Amino acid sequence: MTVATVLEPKMPKCWRQETKPHKFCPGCGHGDILKALGTAIDELGIQDRVVFGCDIGCSLLSWDLFNCDSIQTHHGRTTPVMTGVKRARPDRICIAYMGDGGGYAIGSQHLVNAASRNEKILVIVANNVQYGMTGGQMAPTTLPGMKTETSPYGRDPESTGNPTLGPEMVAAITPDSAYVARGTMANLRQLTQMFKKALQNQIDGNGFSFVEALSACPTNWRTNAAKTWEFVEKEMTKYFKVGELKAPAKKEGQ
Amino acid sequence: MTLVDLDVVEPFYTLRPIKRELEAKGMTVIAWETRDTMGLGEAGTLIRGDMLWSLHREGDIVLDIGYGVEGSKTLNLLHGVGEQKDLRINAVINASRPMTASVDDIIEHVRALGRVDALINNTHLADETDIALIREGARLVSEAAQVLNLPVEATAADEKFRGSLTEDDVLGQPIRFLTRYMPRTFW
Amino acid sequence: MADKPIQGEKRMFMTGNEVCAYAALAANVDVMYGYPITPQNEIMHYWTRLAPKHNRTFLQTEDEISAGFTTCGGVMSGKRCFTATAGPGNTLMQEAMSMAEMMRIPAVFIIQQRGGPSTATVIYSQQEVTMTCFGANGEGLRVVYSTSSHQELFDYTIKSFNVAWKYRFPTFVLGDGYQAKMRESVTIYDPEARGIQMVDTYPLVGLPGMPGVDRDPAHLRNTYNTEEELYEVVKDLVDAYEKMAPEIVEHSTMECDDADVVILCHGIVSRAAIEAVRNLRAAGVKAGFFRPITLRPFAKDALRPIAEKAKKLLIVESSQGQFAKIVTDALYGLTTPMETIFKPGLGITSDEIVNKVKAMI
């Protein structure tokens, strides 16, 4: 092994070299989450079968990230577009990638219905507790008391409810053949395993797969590296419990 | 001299369109090139590593961190901001903006910003600005500064007032005459 | 807690979005409903900061479909309510807007146009003219003000609430990303200080008294059974709209009396056109300018004699003929030659207009 190969940043094979470095801010969770996804795609050897869909919001910057066929769709509509692809081409591995606004606000009806129909696609929601795209507004996942552009005096659960628990909701409305988990950018090894199981669940034709990934937005949180990690690891996990909620593979004793 | 575009509050007023012009004048400008961006306004305002490390450069560094409370918090993102002895944070006040139009409003606004070392009176109404308006701004900013126990660093005024506006007009504050580039910097 | 958001009047330096939020406050608006979309976000940002200080409220909904319908619900409860959106959000909101047309719901919508089709850009265009004027399944029974400056954004936002509640048609302020984000000077005022009385609002549901005993219940619907029944309903809507039209239609003109070429445009493009007319007149070219302020209803009666008298017409817009369709519809039968500058999603300068007019004569 030469020194040069050791120093080369480790990039999943399915990432597109020509579009690197990617445009996510330093410390942004998207890069890490998509690296875990890329590793899972590599390890399963499915790069040529993947159709990747991304939403509006910072997730759209992944539109040319992979050497996979990709569609950047409308805000909240990535889930139905990927459902449409899958229904027309069941041999494709369809991944819908979005933020918490796309998943739990504007696209929530699609998430609920795709999950209820047990669509054989993988939906990934990057949860960074606010809207990064339009300047840091409140999201369904914003934590109580957190100040955002549209909750300048802090989120008040009395008037705006509590943070949306996406995987818990999906787990409640899917059959046992669905895979549902919440991972975090703070544990990429675990997140990669979750993506692998979720994709395998789709490959096996079992049913709906859903992974929420806790993510960071230091730019809109205005936090330095230490504060960012503290927030992801300590604050967010108080509301958003990391772990698998449904894992059909386990039941089959695999 | 290094200029750093760290304004993630209002990305529409940006150094991008005049980046090359300023660089031709010998300044270092740390900002995106518009052609290198993607999904402006849909993908958020993106920050790059060289922006976050900008305080480690030699010479004078001017940071545009955007306005208001969210703007001032942008400083948290900079590496080494806590150890910088030379860092000076000036709150630029335009008393023609509705949220800083009275002494009380200016005080409330500046207090919300966190650390501020001095105020600058930049009261103007673009092309409609006259000396009476600048004078009134100097008075309001000065009164607010007294309550806040902060110095007034200067009054800023368009270059066209050189010769007609004097320090006597603005309570003895130093005057910084400005050449305005920003009207050309939309998006 | 200030009793009035704006005392008297004052000259201020503001962004267009900020102007809209202050105008809604000054107009005694009770509730804003909205969903984040660029370039209208700062209307929500300023509203959420200011509203609690004046006992007003805000709800961030899950999307624009919901923002449109929650606005309808608030209005039907007798409150002055509005929402603001753009582009794909305007598309989603068409559903609620059509219900507002059918049920005479005086909701106010502020639209800051961005580039299209689809998500496109967040910056600027005039590509939401057709959708804002005639969107959804309906007959375009809407009032649409196309503004060209911050002053107009302030004036017409206030006026929109009064027109909506006086005539009970959904009312739109059609701006664009440039107007939303630019900063310029504007006089903001308390409407009362200018002698503007806010039209009273009243509930359509939640009325006092026991339904069925003290009063008939309010049974509101937008579904009908037969073609004939629907026809009667829509005919009544159209009649009411046409009766209102002459009372509210607005336009402005400049140097049209002896003009060889009349420039037709709306919204922010008018600024370039006005400058172009000044420059052309200074160069001895007889140019004039006609601008509808209400795109719906359209100032057809004012435009036709001007268009008939002119030697040539030039339509200028930042879209591919959406405004031109409205104009040509109004001018049907006239034979005045017409040329166009269509620049979808792109700003237009006075020089471009000047050069085009010079080439036409």
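Under an unreviewed UniProt entry, the name given to chain A is 2-oxoglutarate synthase, and the organism recorded is Heliobacterium mobile.

Participant: Honestly, the overall build of chain A in this entry has me stumped. Any pointers?
Facilitator: The helix and strand inventory of chain A stands at 11 helices and 9 strands. Relative to the 2.2 N^0.38 estimate, which gives 18 Å for 254 residues, the radius of gyration of chain A is 17 Å and therefore close to what a compact globule would have. For chain A, the C-alpha atoms occupy an extent of roughly 50 × 50 × 35 Å along the three principal directions. The buried share of chain A, taken over its 254 residues, is 57%. Carbon and sulfur atoms make up 53% of the accessible area of chain A, which totals about 10200 Å². Distance between charge centres in chain A, computed from 28 positive and 24 negative side chains, equals 1 Å.

Participant: Help me understand the pairing of strand 1 (residues 2–5) of chain B in this model?
Facilitator: As a general feature of sheets, a regular strand has side chains that alternate between the two faces. Residues and elements named next belong to chain B. Neither face of strand 1 is exposed, since Thr2 and Val4 on one face and Leu3 and Asp5 on the opposite face are all buried. Pairing of strand 1 with strand 2 (residues 28–30), which is carried by 3 bridges, proceeds in the parallel orientation. Each bridged residue has a counterpart across the sheet, and for Val4 the counterpart in strand 2 is Ile30. With 4 bridges connecting them, strand 1 and strand 3 (residues 61–64) associate as parallel partners. Bridge pairing in strand 3 places Leu3 opposite Val62.

Participant: For this particular structure, what's the right way to read the UniProt feature "domain: Thiamine pyrophosphate enzyme TPP-binding" (unreviewed entry) in chain A?
Facilitator: Here the UniProt-annotated "domain: Thiamine pyrophosphate enzyme TPP-binding" (unreviewed entry) positions come out as residues 69–212 of chain A. Note that residues 69–212 of chain A is 37% helix and 22% strand, and that its end C-alpha atoms are spaced 22 Å apart.

Participant: Quick question: what am I supposed to make of the domain arrangement of chain B here?
Facilitator: How big an interface is tends to be stated in terms of the accessible area lost upon association of its parts. Under the domain assignment, chain B is made up of domain 1 (1–87) and domain 2 (89–187). For domain 1 of chain B and domain 2 of chain B, the distance between their C-alpha centroids amounts to 22 Å.

Participant: In this structure, what is going on with the interface of chain B and chain C? I would like to understand it.
Facilitator: Between chain B and chain C, the contact holds 21 residues from the first and 23 residues from the second. When chain B packs against chain C, the two sides together hide about 2000 Å² of surface, and 60% of this comes from carbon and sulfur. Connecting chain B to chain C are 3 salt bridges. As a salt-bridge pair, Arg97 of chain B and Glu18 of chain C come within 2.9 Å of each other at their nearest N and O atoms. At the boundary of chain B with chain C, the tally comes to 6 residue pairs in polar contact (both at pLDDT 80 or more). Its residues assigned to classes, the side of chain B that touches chain C comprises 12 nonpolar, 4 polar and 5 charged.

Participant: What should I look at first to understand the sheet that holds strand 8 (residues 209–214) of chain A in this one?
Facilitator: Strand pairs in the sheet, formed through backbone hydrogen bonds, run parallel or antiparallel to each other. All names here are of chain A. Taken in spatial order, the 7 strands of this open sheet run 2-1-3-4-8-7-9, and their pairing is mixed. Every other strand in the sheet has two partners, leaving strand 2 (69–72) and strand 9 (243–246) as the edge strands with one partner each. Here the strands of the sheet are splayed against their neighbours by 15° on average, with no regard to which way each runs. Two strands pair when backbone bridges link them, and strand 1 (residues 50–54) and strand 3 (residues 93–99) are joined in this way by 5 bridges, in the parallel orientation. Paired with Phe52 across the bridge in strand 3 is Ile95. Contacting strand 1, strand 3, strand 4 (122–127) and strand 8, helix 2 (residues 29–44) runs over the sheet at an angle of about 170° to strand 3.

Participant: Explain the interface of chain C and chain A to me, please; I cannot follow it from the model alone.
Facilitator: Contacts between the two partners involve 20 residues from chain C, matched on the other side by 16 residues from chain A. Carbon and sulfur atoms supply 54% of the area buried between chain C and chain A, which totals about 1500 Å² over both sides. Broken down residue by residue, the surface that chain C buries against chain A is led by Tyr35, Arg49 and Gln60 of chain C, which jointly contribute 31%. Summed over the shared surface of chain C and chain A, the number is 1 salt bridge. Arg49 of chain C is paired through a salt bridge with Glu149 of chain A; the nearest N and O atoms lie 3.1 Å apart.

Participant: Is there a simple way to explain the layout of surface pockets in this structure?
Facilitator: If you roll a probe as big as a water molecule over the atoms, it shows you where there is empty space left. Taken as a whole, the second largest pocket holds about 540 Å³ of empty space. What lines the second largest pocket is a set of 24 residues, and nearest its centre among them are Met146, Trp221, Thr223 and Phe231 of chain A together with Lys73 of chain B. Those elements that provide at least two residues to the lining of the second largest pocket are helix 9 (218–221) and helix 10 (225–239) of chain A together with helix 3 (68–73) of chain B. Split by residue class, the lining of the second largest pocket holds 7 nonpolar, 9 polar and 8 charged.

Participant: Just checking my understanding: could you explain unusual backbone geometry for this structure?
Facilitator: It is generally the case that most residues other than glycine have a negative phi and that most peptide bonds are trans. All names here are of chain C. Omega for the bond connecting Thr38 with Pro39 falls within 30 degrees of zero, at 10°, which places this linkage in the cis form. Looking at the element boundaries, Pro39 is found in the loop between strand 2 (31–34) and helix 2 (41–50). Across the junction of Gly116 and Pro117, the peptide omega takes the value 0°, indicating a cis bond. Topologically, Pro117 is positioned in the loop between strand 5 (108–113) and helix 5 (129–134). In the Ramachandran plot, Asn55 falls in the positive-phi region, its phi being about 60° despite a non-glycine side chain. By secondary structure assignment, the location of Asn55 is in the loop between helix 2 and strand 3 (57–60).

Definitions and limits used
Residues numbered from 1 in each chain as written. Chains lettered and ligands numbered in written order. Predicted model: local features only at pLDDT ≥ 70, side-chain atom pairs only at ≥ 80, totals over all residues. Heavy atoms only, no water. Helix = DSSP H or I, 4+ residues; strand = E, 2+ residues; numbered from the N terminus. Rg over C-alpha atoms; globule rule 2.2 N^0.38 Å. Buried < 20%, exposed > 50% of the residue type's maximum accessible area, 1.4 Å probe, protein only. Areas by Shrake-Rupley, 256 points an atom, 1.4 Å probe, with all protein chains shown as cover. Lys, Arg positive; Asp, Glu negative; His and termini not counted. Charge placed at Lys NZ, Arg CZ, Asp CG, Glu CD. Pairing = 2+ DSSP bridges. UniProt positions renumbered as here; feature names shortened; annotations may be inferred. Domains from an automatic or database assignment. Contact = heavy atoms within 4.5 Å. Buried area = accessible area lost by both parts, 1.4 Å probe. Salt bridge = Lys/Arg side-chain N within 4 Å of Asp/Glu carboxyl O. Polar contact = N/O pair within 3.5 Å; in protein donor to acceptor, adjacent residues only side chain to side chain. Nonpolar A, V, L, I, M, F, W, Y, C, P; charged D, E, K, R; others polar. Axes fitted to C-alpha atoms, helices over the stretch in contact; angles between N-to-C directions. 1 Å grid on protein atoms, 1.4 Å probe; cavity = no way out; pocket = protein on both sides within 12 Å on 5 of 7 lines; lining within 4 Å. Points joined across faces, edges and corners; volume = space filled by probe spheres on them.

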